[in-house]
Each structure stands twice: as C-alpha cells, then as structure tokens.
Amino acid sequence: MTLKIKRYPFYVGITTLIVTIVAILTGMFLWISHRESKSAAIQMADRLFSEINEKVLERYESELESVAVLVGTAARMPAMATLPVGGGMSYPGLPLMLEALSYYDYLFSLYTGYDDGSFIQVIAVRDDSELRPLFDAPVGTAYVLRSISADADGNLKQRWHFLNRQRQITGTRADLDPGYDPRVRPWYVRAQREETAFYTQPYIFSSTKLPGITCAEKLIYGDGVFGADITLNRFAISLERQKVSDNGMLFLFDRTGRIIAHPTQDPIRAGTNGTLTFLTGAEARDPRVRAIVAGYQDHPEDRLNRTLEMQIDGVAYLVRSTALKAALKFDQVLASVAPVSDFTGHIRRMQQRVFLFSGLVLLVLLPLSLLVSRKIAGSLTQLEIESRKIRRRDFSRSVLSDSSIKEIHSLTQAFVLMKSTIRDYTARLIQAKQDIERLFTAITELIAGTIDAKSPYTGGHCKRVPEVARMLASAAHASRTGPFADFRMASEDQWREFSVAAWLHDCGKLTTPEYVVDKATKLETIYNRIHEIRMRFEVRLRDAQIDAYRRRLAAESDETAIQDQLEETQRQIADDFAFVAECNVGGEDMADEKIDRLEQIAAQTWTRHLDDRLGLSQDEARLKNRQPALPLPVVEHLLADKPEHIIPRIDPDPFDGNIHGFNMRVPENQYNLGEIYNLGIRRGTLSTEDRFKINEHIIQTILMLKRLPFPENMKQVPEIAGAHHETMIGTGYPRGLRKDQMSIPARIMAIADIFEALTAADRPYKKPKPISDALRIMSTMRDEQHIDADLFDLFLQSGVYQDYAERHLDPAQIDAVDISRYLSTELINIG
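Position labels on residues start from 1 in each chain and follow its written sequence. The predicted origin of the model limits local features to residues at a pLDDT of at least 70 and limits the giving and counting of side-chain atom pairs to 80 or more, whereas totals for whole chains, interfaces and linings rest on all residues. Water and hydrogen atoms play no part in the side-chain values, which are based on all heavy atoms of the structure.

## Observations regarding the state of the cysteines
Then, in step 1: The disulfide criterion used throughout: a pair of cysteine sulfur atoms within 2.5 Å. This structure, assessed with the given rule, holds zero disulfides.
Then, in step 2: Free cysteine Cys462: the closest other cysteine sulfur is in Cys507, separated by 8.7 Å.

What follows is the structure, given as structure tokens:
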C-alpha cells in the first residue's frame with residue numbers, strides 16, 4: 001500500500017513567522033509612539049519661531065524708527081540749510097553727522113542735498129576691510145567725507161576726503177562716482193512731495209553698489225533734503241547670528257518676491273546690461289527660499305503669523321512668516337525656517353529604542369527560525385549543490401531526494417527538467433557565441449576599412465596599425481626579463497579586447513569632414529575659394545581697362561600716359577593676385593611683412609552689382625541674414641572676414657559633459673571661413689578650428705566606444721584605443737595623461753600608430769619614409785618622452801619593425817639599420 005504524503009505550501013510557515021515578528025514590532029512601536037507626540041514638538045517650534053520673529057522684527061523696526069527720528073530732527077535744524085563750501089570740513093552739520101554715525105553702528109551714511117546741486121555726505125567706513133576698497137581709502141579710514149560744492153567760478157566740484165577716528169584728513173580723491181547729482185536721486189525727488197520723514201524701498205547705493213534703504217525728509221529752513229542710509233548687510237549678519245535651531249535660519253523678503261537680506265547668500269545680482277538688482281525668490285540658490293517665497297506669493301494671507309509644515313526637496317520643514325508693521329510702509333516679511341527633525345530629536349531617540357527592542361526580539365526568534373528551517377532545508381541543500389554543478393558547466397544526471405513541501409517538490413522536478421534542457425541548449429549557445437564573435441570581428445574590420453576608404457589621406461592606416469600593435473604586444477608578452485617580465489596577455493579575451501581597440505582606434509574619424517582632413521589650401525572648404533577671389537581681381541582688371549577707355553574718350557590725359565598707367569595697374573593687380581595665391585598654398589611660414597601686405601591688398605575694393613543673397617541654401621541664407629542687405633551697387637573689399645564666414649558651434653559641449661577629463665581647448669566657433677583669417681594662417685593650411693576638428697577625432701573615438709555596451713572582459717577597449725595621442729609627460733591630448741595613467745597596451749598603440757604613419761606608402765600628401773628615417777624620428781620622440789622608452793627599445797630589439805617592414809613595406813624602404821644608435825639602454829636578452 002502506497003502512503004500518500006501530504007504536501008503543504010512552503011510560504012505558510014515563512015509567512016507565519018514573518019507575520020509574528022512584524023506583529024510584535026508593530027505592537028511595541030505603537031505602544032511607545034503612544035507615549036510620544038510629534039504635535040508637541042511642533043507646538044514648541046511655533047512658540048520659538050514666534051518669539052524669535054517678534055524679537056528680530058522689533059529690533060529691526062526700532063532701528064528704522066530711530067533713524068526716522070534722527071532724520072526728522074536734522075531736517076529741522078537751521079544749520080543744515082547752509083551750503084557746503086570747499087571740501088566740507090567747515091559744514092555746520094558735520095559734527096552732528098559724525099556723532100550720529102559713531103553712535104548708531106547700523107547707520108551707513110548721512111547726507112544733505114540742495115536744490116543747486118550741492119551735496120555733502122559722511123560715510124561710516126569704520127576701517128572695514130571690505131568697505132575701504134570701494135573707495136580706495138587708506139588703512140585706518142573711519143569716515144569718508146564727500147562734498148559737491150561750487151568753486152570760485154561757480155562750477156560744482158566733487159571732493160572726497162578720508163578721515164581717521166580723530167576726524168583728521170588722511171587722504172583725498174576727486175574721481176569717485178563722477179556725474180553724481182543728488183537732485184535726480186529717487187529719495188530727493190520724493191522728498192519734495194512728502195511732508196514728513198519717509199523710507200525708500202530697498203535699492204542699490206550709487207557709490208558703493210551695496211543694498212540698503214534711505215530715510216529722508218525735506219529741510220524745514222532751506223531748499224534741500226536730509227537723508228540717512230542703512231545697509232542691509234548688517235541686518236543680514238544679525239540674521240546669521242540669530243540662532244533658530246541647529247539647521248534653521250531667518251531671511252527677509254518683500255511682497256514682490258525680492259530677497260532683501262539673507263544670512264549666507266548675497267541678494268544682489270548683475271543684470272544683462274551691468275545693472276545691479278535684487279535676487280528674486282525664484283533665482284535664489286537655496287531651495288528653502290524659493291519654496292517659501294513662492295508659497296507666500298500664492299497664498300499671502302494663509303502664510304502670515306502661522307507655523308506651517310512644508311515639504312522642500314523631500315525634507316519636512318517648519319516655516320513661519322511675519323510681516324513688518326504697516327506703519328513703516330515696507331511690505332517686508334521675515335521668514336523663519338528649520339527642519340522638523342531639529343524639533344523631533346526625542347522621537348528619533350524613541351525610534352532607536354524601538355529598533356533596539358526589535359533586535360532583542362529577533363535574537364530570541366532567530367534560534368527558533370533556525371530550528372524550523374533545518375527541518376525543511378534538506379532538499380533545498382541538495383538543490384544548492386546541483387546549482388554549483390551547473391555553475392561549473394556540469395550538467396550530468398543526478399538523483400535528488402523528494403520533499404514533503406509542495407513548492408520544493410515542484411522545484412526539484414523543474415530543476416531536473418532544467419538541467420536536461422540546458423544540456424541541449426549549451427551546445428547551441430557555444431555555436432551562437434562563435435558566430436556572434438565572427439560577426440563582431442567582421443563589423444569591426446568593416447568600420448576600420450570604411451575609415452581608410454573615406455579619404456586618401458588615411459590610406460590603409462586602420463588596417464595596418466593592428467598588425468604592428470599585435471606584433472609588439474606579442475613581443476612584450478614573450479618577455480621573460482626586463483621591464484615587461486611580468487606583462488602577460490594570457491587569455492583569449494585579453495587578445496580580443498586588444499585587437500578590437502587596435503581596429504577601432506581611429507573610429508572617431510567617421511565624424512571628421514573629408515574637406516577638413518583633405519584641406520590642401522587655406523581657402524579650401526568643399527572647393528578651393530581662390531577661384532572666387534580670382535574673379536574679383538578679374539573684375540578689377542576689367543574696371544581698370546574701362547577706366548582707361550573712359551579717360552581716353554574724355555581726353556583727360558596723354559594717350560601714352562593713360563596706356564602706361566593702365567599697364568602698371570594691370571601688373572600690380574596680377575602681382576597682388578599672385579601673392580594671394582601663394583599665401584593660399586601655405587608652403588612657407590607667413591612672416592609679419594606678408595601679413596601686412598595681405599591686409600593692404602584686402603583693403604582694396606571692387607563694386608558688386610548683383611544680389612549675393614540669391615540662390616542660397618537655407619543655412620547660407622541664415623548666416624547671410626545676420627546683417628541687413630545693402631542697396632546695390634555695393635563697394636566691397638577684395639578680401640574680407642564677413643559675419644557669414646563664422647559658422648557657430650552647434651554643440652556648445654563637444655565633450656558630452658566632459659566626464660572623461662578632456663583638456664583640449666575648444667575654439668569658440670565651429671569654423672571660421674574668413675578669407676583674411678585663413679590666408680593669414682602662419683604655417684600650413686589649417687586654422688585653429690580646422691586643427692581642433694581633426695584632433696577631435698580621438699575625442700569622438702572615446703565617446704563612441706564609451707557608449708558601446710562592451711562586456712566586462714572588453715571594458716578597457718576605450719582606454720586602449722583612446723590614448724595613442726598622449727605622451728609620457730602629460731603634454732598629449734585629449735586628456736593630458738602621463739605614463740603611469742596609461743596601461744601597457746595603450747602605450748603600445750601609440751608606437752604602432754606613429755610607425756605605420758611614418759612608413760605608409762599610400763598617402764598622397766607625402767612620400768613614405770625608409771625605416772631608418774622612421775626609427776630616427778621615433779627615437780627623437782622617445783627622447784622628448786612622447787612615446788614609452790622601454791617599449792621603443794623592445795620594438796627595436798625584438799625586430800618587430802623589421803618583421804613588419806618585410807611583410808608590408810616596399811623593398812625600397814627597407815634600408816640598413818643600426819639599432820644601437822636608437823636604443824636608450826644596452827642590448828638585453830628579451831627572450
């Protein structure tokens with residue numbers, strides 16, 4: 001009789017255990033949290049915020065009212081109606097102004113302006129190292145006395161005196177803030193219509209560019225206005241010193257959203273035209289400021305005099321906003337903000353106690369869990385052993401014991417079926433892997449061949465560099481002594497990685513325009529623009545002939561003289577064009593005198609009668625339309641650098657964020673096709689923009705390869721392929737790497753790239769060099785630390801150069817070489 005084994009779901013036992021633990025922890029948490037209350041902490045914060053805001057505003061408002069009293073008193077003093085004379089030291093109101101500034105440290109300056117343009121001002125510098133440079137004042141300056149008074153001729157003259165604490169003059173200036181006229185300042189204009197002292201809205205002071213406010217009142221006994229300036233910097237410092245909580249702060253803003261005072265951020269920003277304005281809440285770096293100001297502007301009445309909880313960047317904050325009293329007419333709001341966590345520390349401590357208690361509970365339950373799990377783990381252990389066999393590619397048949405747990409029984413049966421299925425598919429996967437590798441190799445070589453076929457200036461470079469690189473890497477791998485005794489490329493994956501990097505080391509050249517790579521003359525783009533310039537000289541010749549005919553018909557001069565002058569003009573035009581054409585070739589360095597002559601020729605003019613905006617492509621028209629069309633006919637220079645010659649950079653970040661550390665300087669423009677600019681290239685035919693575009697191929701190589709999802713065993717392909725233009729001392733490009741920052745395979749690529757380029761016979765712009773010349777040049781590069789000295793010695797001693805030459809070079813290039821002339825060390829046994 002067969003016994004029927006009862007199987008039950010495995011999750012029932014696990015779920016029961018987990019539910020029990022969760023229930024215990026949850027119960028304890030609820031019991032403890034019942035005794036604590038977050039609302040009590042928030043109420044405490046509400047009282048604290050209320051007291052702090054009232055205290056700070058009371059101090060702020062008191063200072064403002066004190067200043068208003070001072071201004072009102074001064075405006076009623078008859079002495080203030082006296083106009084300043086000379087430097088202002090004899091001004092009757094000066095002692096009062098100095099005493100007030102010494103007593104009230106929150107005052108920045110006191111001044112009086114008059115209807116005739118006279119002005120006297122005392123600024124309290126207080127020997128502040130940040131304020132003195134604003135006036136170029138000497139060390140020890142306590143006050144700056146500024147006066148605008150009439151001289152002997154009745155002309156207003158501005159003077160600046162620097163006073164020490166004893167109120168003695170220590171220096172003078174006359175060139176600060178020229179053109180200042182108090183009568184046009186907003187405080188002066190407003191005072192004419194106000195009956196009592198008033199405060200301006202915060203603004204930027206003219207002389208110091210500091211933020212502040214002005215209190216002013218019209219003089220009772222004269223035609224003028226007395227004013228006092230208060231800088232907001234001192235208020236910002238007091239906000240910074242005021243402790244709200246460990247991570248809290250205070251800041252002041254107005255109802256329009258402007259930041260008036262902030263404890264850590266300068267509220268002033270420079271506008272596009274150089275003017276200074278206050279930051280708005282939306283422009284603040286602090287996300288707390290942005291959120292609080294925006295919330296207040298959306299719901300001002302709901303935010304005042306209430307402590308609210310706000311979520312800012314995922315963090316809970318408590319915020320309270322309090323307005324200045326309406327009598328001051330400032331419409332300003334003081335905001336207190338602090339994270340909720342500053343007031344709920346006791347709750348965190350409670351949570352820690354809960355976690356500690358939960359850990360103790362788990363320690364009790366752990367032995368029980370182990371006891372239960374051992375009862376059901378027997379079959380799972382066998383399955384785990386089978387999984388290890390699968391990881392070792394062992395798919396042999398095994399006999400597994402059954403289990404009374406339903407899920408484990410099903411898993412065992414599925415495991416047996418899986419092993420048999422894997423055996424069948426393994427063979428297919430191995431074959432598919434080989435097929436994919438062959439396809440990848442073919443695609444890699446196809447890309448390299450495409451680059452070689454793109455331009456005759458590249459030739460078969462991408463095909464031959466991997467051959468040189470493989471031969472040198474094999475020599476390094478075979479070394480048993482010397483610098484490469486420990487270098488090994490032991491696995492097939494390493495060789496495959498190196499091969500792919502070698503084939504794709506110039507894949508970035510796919511992005512380089514052919515006309516830049518093939519630029520044979522300075523004016524060449526897709527075609528040689530010297531033909532356009534020649535036609536202008538042709539027009540000049542025809543104009544000279546026509547002018548000669550006109551002069552003959554008008555009998556302006558002797559027939560022979562006209563002909564002689566025509567022939568001389570024709571010779572000069574032909575000579576000038578020949579010179580321009582010679583500059584275009586770029587065969588010799590452009591000396592300063594050649595540049596000067598080029599600019600003289602360029603200054604000559606010709607007359608265009610036809611519209612040069614017809615028949616253009618959209619791109620050409622867009623560049624042309626930067627400047628309005630001139631009415632025909634138009635007199636133009638023979639050579640010019642025109643706005644349409646500037647091709648702006650489409651991508652302002654060709655380094656794609658520069659996460660790879662590229663250090664190449666990026667020209668401002670994509671291309672500069674200016675005729676004078678290109679003809680004036682000092683050496684060769686490439687402009688700065690052209691040179692960057694060509695050198696950029698290595699950047700594109702790295703970016704392209706970095707984007708490819710290489711498997712782990714090929715992750716170094718971008719590093720190996722992208723360093724063949726670096727040097728051993730950090731002077732190469734594109735990242736300025738040094739020897740110790742490059743792997744041996746990457747340094748091998750540099751030698752392979754240079755040797756192939758020097759000896760290549762399929763480049764139309766140069767003759768192939770014999771191997772002796774190539775090795776001589778490379779030895780110089782070795783001496784200048786452009787290539788690895790040890791690898792170059794290995795390149796010579798192993799005979800790699802000779803083996804490659806015999807396989808790929810013309811026999812005429814293979815001349816006798818004494819490698820001892822080029823070695824940096826004595827001959828060593830590399831085997």
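Next comes the rest of the account.
## Some thoughts on the packing of helix α12 (residues 461–478) against helix α22 (residues 744–759)
Relative placement of two packed helices is described by the angle separating their axes and the distance separating the axes.
Then, in step 1: To get an axis, a line is fitted to the C-alpha atoms, and for a helix only the part in contact is used. The angle between two axes follows their N-to-C directions and goes from 0 to 180 degrees. Numbered from the N terminus, helices here are DSSP runs of H or I no shorter than four residues, and strands are runs of E no shorter than two. Their axes nearest at 8 Å, the elements α12 and α22 cross at an angle of 130 degrees. The angle between α12 and α22 falls in the class oblique. Taken as a pair, α12 and α22 cross one another with a handedness that is right-handed. Residues His461, Arg464, Val465, Val468, Ala469, Leu472 and Ala473 of α12 touch α22, and the partners they reach there are Ile748, Met749, Ile751, Ala752, Asp753, Phe755, Glu756 and Ala757. Any angle between 65 and 115 degrees counts as roughly perpendicular, while under 35 counts as roughly parallel, over 145 as roughly antiparallel, and the rest as oblique. Should the near helix be turned counterclockwise from the far one by less than a right angle, the crossing is left-handed, whereas a clockwise turn marks it as right-handed. Contact criterion: two residues are considered in contact whenever any of their non-hydrogen atoms come within 4.5 Å of each other.

## Side note on the pattern of salt bridges
Then, in step 1: When a carboxyl oxygen of Asp or Glu lies within 4 Å of a side-chain nitrogen of Lys or Arg, that pair is called a salt bridge. Counted under the stated rule, the structure contains 37 salt bridges.
Then, in step 2: As a salt-bridge pair, Lys624 and Asp612 come within 2.8 Å of each other at their nearest N and O atoms. Note that Lys624 is positioned in helix α18 (residues 618–624) and Asp612 in the loop between β17 (605–608) and α18, a separation of 12 residues in sequence.
Then, in step 3: Exposure is judged per residue with a 1.4 Å probe applied to protein chains only, and the accessible area is read against the type maximum: over 50% gives exposed, under 20% gives buried, and values in between give partly exposed. Exposure remark for Lys624: the relative accessible area of 12% places this residue in the buried category.
Then, in step 4: Each of Arg608, Asp612, Lys624, Glu636, Lys642 and Glu644 takes part in a single network of salt bridges with overlapping partners.

## A look at the packing of aromatic side chains
Then, in step 1: Working definition: a ring pair exists when centres of Phe, Tyr or Trp rings (six-membered ring for Trp) sit within 6.5 Å. Plane angles under 30 degrees give stacked, over 60 give edge-to-face, the rest tilted. All chains considered together, the criterion is met by 15 aromatic pairs.
Then, in step 2: Between Phe755 and Tyr804, the aromatic rings sit 5.8 Å apart at their centres with planes inclined by 70 degrees, giving edge-to-face as the arrangement. Residue Phe755 is found in helix α22, and its partner Tyr804 is found in helix α25 (residues 800–808); the two are separated by 49 residues along the sequence. For the pair Phe755 and Tyr804, one class covers both residues: buried.

## What to know about unusual backbone geometry
Then, in step 1: Here the amide bond leading from Leu632 into Pro633 is cis, since omega sits at -10 degrees, within 30 degrees of zero.
Then, in step 2: Along the chain, Pro633 turns up in the loop between α18 and β18 (634–637).
Then, in step 3: The omega torsion across Tyr733 and Pro734 is 15 degrees, close enough to zero to call that bond cis.
Then, in step 4: You can see Pro734 is positioned in the loop between α21 (717–721) and α22.
Then, in step 5: Not every positive phi belongs to a glycine, and Arg126 is a case in point at roughly 55 degrees.
Then, in step 6: Within the secondary structure, Arg126 is located in the loop between β2 (119–124) and α4 (132–135).
Then, in step 7: Backbone geometry places Asp136, a non-glycine residue, at a positive phi of 55 degrees.
Then, in step 8: Locating Asp136 in the fold gives a position in the loop between α4 and β3 (143–150).

## Let's talk about the environment of Ile52
Then, in step 1: Inspection of the secondary structure puts Ile52 in helix α2 (residues 38–75).
Then, in step 2: Residue classification places Ile52 among the buried residues on the basis of a relative accessible area of 7%.
Then, in step 3: Here the alpha-carbon distance between Ile52 and Val244, two residues 192 residues apart in the chain, equals 7.4 Å.
Then, in step 4: When residues no more than four places from it in sequence are discounted, the contact partners of Ile52 are Gln242, Lys243, Val244 and Leu250.

## Describing a nonpolar patch on the surface
Then, in step 1: Like-charged residues within 9 Å of one another, or nonpolar side chains (Val, Leu, Ile, Met, Phe, Trp, Tyr) within 5 Å, are grouped into patches, provided each residue has over 30% relative accessible area and no salt bridge. Throughout, the Shrake-Rupley method with a 1.4 Å probe supplies accessible areas, and for residues the shown protein chains are the sole cover considered. Side chains of Phe357, Leu360 and Leu363 sit close together on the surface and give an oily, nonpolar patch of about 290 Å² of accessible area.
Then, in step 2: Tracing the chain through its elements places Leu360 in helix α9 (residues 345–376).
Then, in step 3: The partly exposed category is assigned to Leu360, whose relative accessible area is 47%.

## Notes on the sheet that holds strand β11 (residues 259–261)
Then, in step 1: If you trace the five strands from one edge of the open sheet to the other, you get β11-β10-β16-β15-β14, paired in antiparallel fashion. The outermost strands of the open sheet, each flanked by one partner alone, are β11 and β14 (307–312). Averaged over all adjacent pairs, the angle separating strand axes in this sheet is 35 degrees, with direction ignored.
Then, in step 2: Here helix α6 (residues 232–241) sits on the sheet in contact with β10 (249–254), β11 and β16 (332–339), set at roughly 80 degrees to β11.
Then, in step 3: Contacting β10, β11, β14, β15 (315–323) and β16, helix α7 (residues 287–298) runs over the sheet at an angle of about 45 degrees to β10. For two strands to pair, DSSP has to find at least two bridges joining them.

## Some remarks on the side chain of His645
Then, in step 1: Mapping His645 onto the fold places it in the loop between β18 and β19 (646–648).
Then, in step 2: Contacts of His645, omitting those with residues within four sequence positions, involve Arg529, Ala640, Tyr671, Asn672, Leu673, Gly674 and Glu675.

## So, helix α24 (residues 789–797)
Then, in step 1: Where burial is concerned, most of α24 is hidden: seven out of the nine residues are buried.
Then, in step 2: Within the span of α24, buried status applies to Leu791, Phe792, Asp793, Leu794, Phe795, Leu796 and Gln797.
Then, in step 3: Buried residues along α24 sit against α12, α22, α23 (771–783) and α25.
Then, in step 4: One side-chain oxygen of the residue at the start of α24 lies 2.8 Å from the amide nitrogen of Asp790, identifying that residue as Asp788.
Then, in step 5: Two residues or fewer after α24 comes Gly799, characterised by a positive phi angle close to 80 degrees. Polar contact is defined as a pair of N or O atoms within 3.5 Å, subject to the rule that within protein one atom must be able to donate a hydrogen and the other to accept it, and that residues adjacent in sequence are counted only when both atoms are side-chain atoms.

## Digging into helix α13 (residues 492–503)
Then, in step 1: For α13, which comprises 12 residues, the first-to-last C-alpha distance of 17 Å matches the rise-based estimate of 16 Å (1.5 Å per residue) to within 8%.
Then, in step 2: Burial in α13 covers these residues: Arg496, Glu497, Phe498, Val500, Ala501, Ala502 and Trp503. A helix is expected to reach a length of 1.5 Å times the quantity of its residues less one.

## A closer look at the pairing of strand β9 (residues 224–231)
Then, in step 1: Burial runs high along β9: eight of the eight residues are buried.
Then, in step 2: Side chains Gly224, Phe226, Ala228 and Ile230 of β9 all project onto a buried face; the interleaved residues Val225, Gly227, Asp229 and Thr231 project onto the opposite face, where all are buried too.
Then, in step 3: In this sheet, β9 lies alongside strand β1 (residues 109–114) in antiparallel orientation, the contact comprising six bridges. Each bridged residue has a counterpart across the sheet, and for Tyr114 the counterpart in β9 is Gly224.
Then, in step 4: Between strand β8 (residues 211–218) and β9, which pair antiparallel in sequence order, lie five residues.

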